Every structure is written in structure tokens, then in C-alpha cells.
Amino acid sequence: MCGIVGYLGEQEACAILLHGLRELEYRGYDSAGVALLEASGLRCFKAVGKLDNLAAKLGDTASSGKVAAIGHTRWATHGKPTEANAHPHGLTHSQVVHNGIIENYVALRASVATAFLSQTDSEVIVHLFEKHLAAQPPAADTALAAFRATLDALHGAYAILLISETAPGQIFFARQGSPLQFGLGAEGCFFASSDAPLIGHCAQAVYLQDGHWGVAEATGVRLFDAEGAAVLPQPAALPATSLAARKEGYRYFMEKEIYEQPQVLTDILTGRLAADCLSLDELAPEWLRPLRSITLCACGTSYHAALVGSYLLERLAQVPTKVEIASEFRYREPVLDRDGLFVVLSQSGETADTLEAIKLAKAQGLATLALCNVDNSSIVREADHRLLLRAGIEKGVASTKAFSAQVLTLWLLALYWGQAKAVLSGERLAQELAALRQAPSVMQVQPGVHERLHRLSKRYLHGHGFFFIGRDLFYPLALEGALKLKEISYLHAEGYPAGEMKHGPIALADAQLFTIALMARSCLYDKIKSNVEELSARDATIIAITTEYFELADDIIQIRAYDHPMLEFFEMLVVVQLLAMEIAIRLGNDVDMPRNLAKSVTVE
Ligand code: F6R
């Protein structure tokens, strides 16, 4: 998502910041900016679009002498990608850059008397800082005290750098739930939200912990914990190359993105869950309430997420729901419900078939909504309403974290709609909210499970095919598991509803048919168990993903037990993603760039 860099020293800062921001480009962004604090005062430069636009704005601007400088690349979450919404955000004498989400920004905005220039949650930080500064009696560490008072007011997640003309030669910093690190090199002090910008400037970095905050100045860095006690910085070695740094220790971007899913789910839930209800600021309940049906439309993995959504929307919101493959929908002269909502799902926002589908629905007068990971993409611009996925840029061609983000967002939408229609009992809503809160931790990869999948994968590099089978919500998961495997291993795999196997595919069953059975304890367990028994009786090789011991399985991948099917769903999702990846790695394939595939399919 967003990227942060900072520099305190005497070298030319524009080049250092731009280089650092370029190292963070791979994370995705739609605007960028820098602020320089020199003896002559504070200057700020911002531009929408690529870093080249920012470089053009900077022209031959160069810092001179001692400088405290901060920079940012923004991936829009609150407000469109405009120059006003780009960071840094300033007021009269200070500038701030922020990653994360300030959950209570609406209340905080109301608590200051100053006018706002942007729609962001971040701008309020600099307003609060200047307000607290004005209230402090002048003293040596007035600005540090004002910074601390500002942090005390913030709820949510943040990595923050702040500079102020009232504190020349200082950079204030803080971390709570969003990464931030600094390194001391021969040329000064360097900050970044991940390792890559620091490489080449410093040999080691100090990784801030949640609650850590402090100030960098010419004499060094003063670091404090949440209680205000001094902390001794503990530096750790940086990776040797910036490519390695971008993968953050993982072998592939796909692996990194699988491991990022708990954070993605946390980001999606941030600011949306209250004690007994949930909110989606993007959609007014009175807009949703009169809509009589939903059509979900997408391609590939996004289509599988849509299928999951159809179960959730019918169950939780009691809205009749249809799911369409975009490439089929376009040409089949569909009869649409003009009182219904047409929802498209897309990671990239540029998939040609999905884009044409939303145009068709709009032309027929339907209300449209895009669930998309890329703000300002063609699909987002086409839709009447949007729910951004907050998954951060996805580099691996095989989609992983965008899928879990789509599923979680659809779950939120189903509950929000059910709440708006008052069709959910208080007890049911409370159960769903509790499960939602648990979802991020469920997606945490367990080292033992990953290790087991790695070892198991060597047995499944041949055979004449894989069947992923599941029932109910676990049928779309079976489709997604099979798609992941075929995309990156090039082995034949199919997803099937477990109950359908006996209507034909069971003819294929023999020892060389590998059946991955998604046996959810919380959802039709006895039904899928008898489906698997039928396959086992015909000598199919069974790999059971389940909480239970199952004597007919050739291999069991044991998962934790939950009483909510969506929690079992998310835990199994990690398993099928990792299994596909481990098999593909053993086969020597390029997991991030599988043959014949593109990340964004802009042709039909
Ligand atoms: C599978 C995959 C593709 C995409 C499909 C739609 O791993 O990535 O199947 O899901 O091409 O792409 P978006 O979601 O960008 O519309």
C-alpha cells in the first residue's frame, strides 16, 4: 500500500527521497509527495500519478545544508487520488506523512478549529500537532510533547513522520500497527516503511515495535515505548539487495502475499466494526434497502469470490443473488432486474470482459457497484459506487490476497445489507461480528502446517489429475484451489461440488486420481464424508483437509476447529494456496510469473 521515506542529514535530500520512493514503487501508489525542512523554511511538492510527475515538479530543486525531509507514496483509501489528498499534509508550519488508518478521524476533525484541505484521515494528525503545540508552554522539548499528545489522541493504525519549522533539524516518528524502521549511516538518519530504501545507505536497521515513537536529531535518535520510557534501539542486519528486500525474506511474491493476508484482513476491518453493528461508509443503507436482487459478475479468481458471496448474500441479507462469468454474460443477451444491483469484482480493475459487463448493466439502467483493488482503474471509474479492497498491490500473477480481500469484503457487505434490512437477529449479528474479528488471526500461516505441506508436496507431482471437492461455501473454494494449482504447477486440476462426483467424474477414480477433500466440520461434514467414502471405495488417493481424523484419507492436513464456516474457509484457503505453491516450486516453475498468464487481462 502506501510507502514512507525520511532523511535527516546534510546530503541533497530530493535525490535520496526520490530514490527511496522508487524502491517502494512495487507496492503500488497513485500519488506522491515530499517535504523539505531547511534553514530557509519548509517546502512541499506533490503530484498525482507516477514518481516521474513528482520529479518533474521538483525540477532542479535541491536541498542545501542540514535538512529534515519526508516523502510518501499514497494508495488511495480515504478520498480520491488527487494532489490535495496526496501526502505530506501541512498546516502553518508542519508537514506529516502517514500510513495506516486513523479510525477516529471524524471525531478528531471536529475537535480542531482549523479548516481541512483534503478528504483524508491523515491530515488531522498535523492539525492536532499544531493545536497541542500552541497549547504547550515554550520549553526545550515542546514539539516532542505536542507530538506525544497527538499520538495519545489517535485510534487505529499508523506509521508517521512529522517535521515542523518549530523544531528544525528534527524528525518525529511513531509506529502503531503499520511498519516503520530507521537506520543510521555515514550520511545521516534514514527512515522507511520497509527495507528497500535503506539498502545502500545503512548496514543495519532498527525495526520499530507497536507503540514506539520518538525523535531523530543531529545527536542521534531518542526512542520511547508507549508508556514514555526510553528504549535502547536494537539494530538488525538489512538484506543484501533491494530485490531480496522487496520480497521481505520470502522466496516469491506469491508467498509474501499469502503471508500478508492477516494484515490485509485487519486493514479491511479497521474502522468498520463496532460493538454490536458494522458500518460501510461507502454505501448508505437507504441506497441498498430498495434494491431487490444482486448480480455478481467477474472472471477467474474474482468469479470464485463472487460465488462465495452468493452464498453469504442470500443467507445473511436474504437478497436473491446470481453469479455470472463476465465473458459469458456479455454475449448471452441477459435479462436483468432493473431494480437490482449489479456488482463487478476485479483485482486489477482493468479486466476487459468485466469492464464491458458493467457497461452493459449500466446501459440497461441498473445500479452498479465495483469491488476492486485499484482506485481510479477503468472499472472503478465506470461504477456508480465502489468498495476498495485494501489489499495493497498484488505482484504474484496467481491471485491470493486479493481473493481473501474480496471474500471478506463480500461477507461485510452481506452482513451490512442484512443489518440494513433488519433480517438478522441480534444474536446472529453478534456471532458474525465475533467471527469477523477472528478472521485475520485464522489466516496467520502456522509454520508447522507450511512445513507439512512442503514435505507432502513431493508425493503429488505426477498422476493424471487433481479433483478439489467441497460443498456449500467450500465448493467455490475447491474451484479456487484447483485454479491456483493449475495456474502455477501446470498439472490438470478441477474443482467440483462433492455431491456431483457420482454423476460422472467418479468414473475417473483410481489410485492416480488425487482428491483434495475440503471437509469442513462446521458445514455439511457428514455429507462430504460419504462423498469421499464413495471415492475411496474406488481407490482414489484422498488428501483430506479437515479438523477430524478420517481413517480413509491417504494424507490428512489437519486444521484448527472453528464453529463458524467462514473461519474454516479462511484457514483452508491458506492451505490450498500453500499446497499449490509448494508443488509448483518442486516442479521448478516460476511461481510469480507462470507461463502464458498476465496479471491484467485487458483483451477479451
Ligand atoms: C487467478 C487470476 C485470474 C484473475 C482474473 C480476473 O489467479 O489471477 O484468474 O482473477 O484474470 O482478474 P481481475 O480480478 O483483475 O479482474
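Residues numbered from 1 in each chain as written. Predicted model: local features only at pLDDT ≥ 70, side-chain atom pairs only at ≥ 80, totals over all residues. Heavy atoms only, no water.

Further remarks concern the side chain of His93. Structurally, the position occupied by His93 is in the loop between β5 (89-90) and β6 (94-102). Of note is the side chain of His93, whose polar atom sits 3.0 Å from the side chain of Ser94. Side chain to side chain, His93 and Ser164 meet in a polar contact 3.4 Å long. Once residues lying within four places of it in the same chain are set aside, the contact partners of His93 are Leu42, Glu130, Leu133, Ile163, Ser164, Glu165 and Thr166. (Helix = DSSP H or I, 4+ residues; strand = E, 2+ residues; numbered from the N terminus. Polar contact = N/O pair within 3.5 Å; in protein donor to acceptor, adjacent residues only side chain to side chain. Contact = heavy atoms within 4.5 Å.)

Further remarks concern the domain arrangement of the chain. Split into domains, the chain comes out as domain 1 (3-243), domain 2 (247-443) and domain 3 (445-589 + 596-604). Each of domain 1 and domain 2 was reduced to a C-alpha centroid, and the two centroids are 32 Å apart. Taken together, the contacts link 14 residues of domain 1 with 18 residues of domain 2. Of the roughly 1300 Å² buried between domain 1 and domain 2, counting both surfaces, carbon and sulfur atoms make up 56%. The largest share of the area that domain 1 buries against domain 2 comes from Tyr26, Trp75 and Leu243, three residues that together contribute 41% of it. Where domain 1 packs against domain 2, one counts zero residue pairs in polar contact (both at pLDDT 80 or more). (Domains from an automatic or database assignment. Buried area = accessible area lost by both parts, 1.4 Å probe.)

Overall, the coordinates contain 16 aromatic pairs when judged by the stated rule. Ring centres of Tyr7 and Phe190 lie 4.9 Å apart, and the angle between their planes is 40 degrees; on these two criteria the pair is classed as tilted. With Tyr7 in strand β1 (residues 3-9) and Phe190 in strand β10 (residues 188-192), the pair connects residues that are 183 residues apart, well separated along the chain. When its relative accessible area of 0% is taken as the criterion, Tyr7 is described as buried. Among the aromatic residues, those joined into a cluster by ring pairs are Phe403, Trp411, Phe474, Phe569 and Phe570. The positively charged end of Arg521 is found above the aromatic ring belonging to Tyr525, 4.4 Å away from the centroid. (Phe/Tyr/Trp six-rings, centres within 6.5 Å; stacked < 30°, edge-to-face > 60°. Buried < 20%, exposed > 50% of the residue type's maximum accessible area, 1.4 Å probe, protein only. Lys NZ or Arg CZ within 6 Å of the ring centre and 35° of its normal.)

Taken together, 15 residues form the shell around the ligand, and within it Ser302, Ser346, Gln347, Ser348 and Thr351 come nearest. Ser348 places a side-chain nitrogen or oxygen 2.7 Å from an oxygen atom of the ligand. Between an oxygen atom of the ligand and a main-chain N or O atom of Val397, the distance comes to 3.3 Å. Contact with the protein chains hides 89% of the accessible area of the ligand, taken as 400 Å² for the molecule alone. Among the cavities detected, the one that contains the ligand is the second largest pocket. Listed by contribution, the elements that provide at least two residues to the shell around the ligand are α10 (300-317) and α17 (474-489). For the shell around the ligand, the class distribution of residues is five nonpolar, eight polar and two charged. Both domains that furnish three or more residues to the shell around the ligand are identified here as domain 2 (247-443) and domain 3 (445-589 + 596-604). (Near = heavy atom within 4 Å. Areas by Shrake-Rupley, 256 points an atom, 1.4 Å probe, with all protein chains shown as cover. 1 Å grid on protein atoms, 1.4 Å probe; cavity = no way out; pocket = protein on both sides within 12 Å on 5 of 7 lines; lining within 4 Å. Sits in = over half its atoms within 2 Å of the grid points. Nonpolar A, V, L, I, M, F, W, Y, C, P; charged D, E, K, R; others polar.)

The eight strands are arranged β3-β2-β4-β1-β10-β9-β11-β14 in an open sheet whose pairing can be described as antiparallel. Sheet topology places β3 (41-48) and β14 (236-237) at the edges, where each strand pairs with a single neighbour. Note: β1 against strand β4 (residues 67-74), seven bridges, orientation antiparallel. Of the residues in β4, the one forming a bridge with Tyr7 is Ala69. The strands touched by helix α1 (residues 13-23) are β1, β2 (31-38), β4 and β10; relative to β4, the strand with the most contacts, the crossing angle is about 30 degrees. The strands that helix α2 (residues 51-58) touches are β2, β3 and β4; relative to β3, the one it contacts most, it runs at about 140 degrees. (Pairing = 2+ DSSP bridges. Axes fitted to C-alpha atoms, helices over the stretch in contact; angles between N-to-C directions.)

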